[in-house]
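Architecture at a glance
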Amino acid sequence: MRKLTVFNQISLDGYFSDGHGDMSWAHKADAEWGAFAAENARGGGELVFGRVTYELMASFWPTRAALEAAPAVAERMNSLPKVVFSRSLDSASWNNTRLIKGDLAEEVRKLKAEPGPNMVVMGSGSIVAQLTDARLIDEYQLVVNGIVLGSGRTLFEGVKERANLRLKKTRSFSNGNVVLWYEATA
């Protein structure tokens with residue numbers, strides 16, 4: 001069975017976007033973080049998005065600015081297979097993207113049962129919450145940023161039941177980011 005991982009940046013107070021939907025605070029570029037991001041991108045897999053995150057990613061990664069700012073990451077983002085879950089999109093034009101309109105949990109169960117690479121959810125807070133409730137996420141890779149936002153959206157907004165996680169490892173960076181790898185437990 002394919003593994004489903006979440007990779008997301010959060011503030012110290014647990015928000016993935018601020019009260020206005022801004023996530024620019026999460027982009028602390030330096031050489032060490034850039035090398036980590038490039039290495040992470042080389043890991044492959046199939047990217048999973050909700051509509052809002054998909055539209056943000058599709059508007060940036062195929063651009064010249066993305067290719068100049070982070071060439072290794074841009075190459076992988078553009079070439080990897082992608083899935084976007086949306087009830088409102090009619091098509092998905094970003095390279096290697098398929099659009100799925102069905103029930104999120106049911107469709108992810110089907111995807112996990114298919115042969116293929118592991119999958120990674122990036123951004124897409126409402127999808128993360130729904131898949132957490134459905135117990136379909138195998139691992140959470142959370143990048144904690146040294147900032148307090150005070151308000152915003154959490155990745156787990158609307159989760160109805162406790163989800164127990166086991167810390168697998170951590171890594172801190174000189175830019176203040178700390179990556180936490182958690183495994184979902186029964």
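Residues numbered from 1 in each chain as written. Predicted model: local features only at pLDDT ≥ 70, side-chain atom pairs only at ≥ 80, totals over all residues. Heavy atoms only, no water.

Some points on unusual backbone geometry
If a residue is not glycine, its phi is most likely negative; likewise, a peptide bond is most likely trans. In this model, N96 sits at a positive phi of 60°, which is unusual for a non-glycine residue. Note on placement: N96 falls in the loop between β4 (82–85) and β5 (97–100). By relative accessible area, N96 is classed as partly exposed at 41%. A positive phi angle is found at R135, which is not glycine, with a value near 60°. Locating R135 in the fold gives a position in the loop between α6 (125–133) and β7 (139–145). (Helix = DSSP H or I, 4+ residues; strand = E, 2+ residues; numbered from the N terminus. Buried < 20%, exposed > 50% of the residue type's maximum accessible area, 1.4 Å probe, protein only.)

Thoughts on the sheet that holds β4
The 8 strands lie next to each other as β5-β4-β3-β6-β1-β7-β10-β9, forming an open sheet whose pairing is mixed. Looking at which strands have only one partner, the edges of the open sheet turn out to be β5 and β9 (165–172). Looking at each pair of strands side by side, their axes are set apart by 25° on average, direction ignored. Strand direction decides the pairing type here: strand β1 (residues 4–11) and strand β6 (residues 119–122), joined by 4 bridges, are parallel. If you follow L4 over to β6, its bridge partner there is M119. Running at roughly 115° to strand β3 (residues 46–50), helix α2 (residues 51–60) makes contact with β3, β4, β5 and β6 of the sheet. Sheet strands in contact with helix α4 (residues 71–79) are β3, β4 and β6, and its direction is about 65° off that of β4. (Pairing = 2+ DSSP bridges. Axes fitted to C-alpha atoms, helices over the stretch in contact; angles between N-to-C directions. Contact = heavy atoms within 4.5 Å.)

Quick look at helix α5 (residues 104–113)
Every buried residue of α5 is listed here: L104, A105, E107, V108, L111 and K112. Along the long axis of α5, the arc covered by the buried residues comes to 160°, so they all point the same way. (Arc of directions from axis to C-beta.)

Section: the packing of aromatic side chains
If you walk through the whole model with that rule in mind, you get 9 aromatic pairs. With 6.5 Å between their ring centres and 80° between their planes, F36 and W181 make a pair best called edge-to-face. Pair noted here: F36 is in helix α1 (residues 31–42) and W181 is in strand β10 (residues 178–184), with a separation of 145 residues, a long-range link. In terms of burial, F36 and W181 fall into one category: buried. Aromatic rings pair up to connect W33, F36, F173 and W181 into one cluster. A cation over an aromatic ring shows up here: K82 above the ring of W94, its NZ or CZ 4.5 Å from the ring centre. The ring of W181 is capped by K169, whose NZ or CZ atom sits 4.4 Å from the centre of that ring. (Phe/Tyr/Trp six-rings, centres within 6.5 Å; stacked < 30°, edge-to-face > 60°. Lys NZ or Arg CZ within 6 Å of the ring centre and 35° of its normal.)

A few points about the packing of α5 against α6
Where α5 meets α6, the closest approach of the two axes is 10 Å, and the angle between their N-to-C directions is 75°. Considering the angle they form, α5 stands roughly perpendicular to α6. Within the contact between the two elements, α5 uses L104, A105 and V108 and α6 uses I127, Q130 and L131. For the contact of α5 with α6, a count of residues per class yields 5 nonpolar, 1 polar and no charged. (Parallel < 35°, antiparallel > 145°, perpendicular 65-115°, else oblique. Nonpolar A, V, L, I, M, F, W, Y, C, P; charged D, E, K, R; others polar.)

In short, geometric facts, not functional conclusions.
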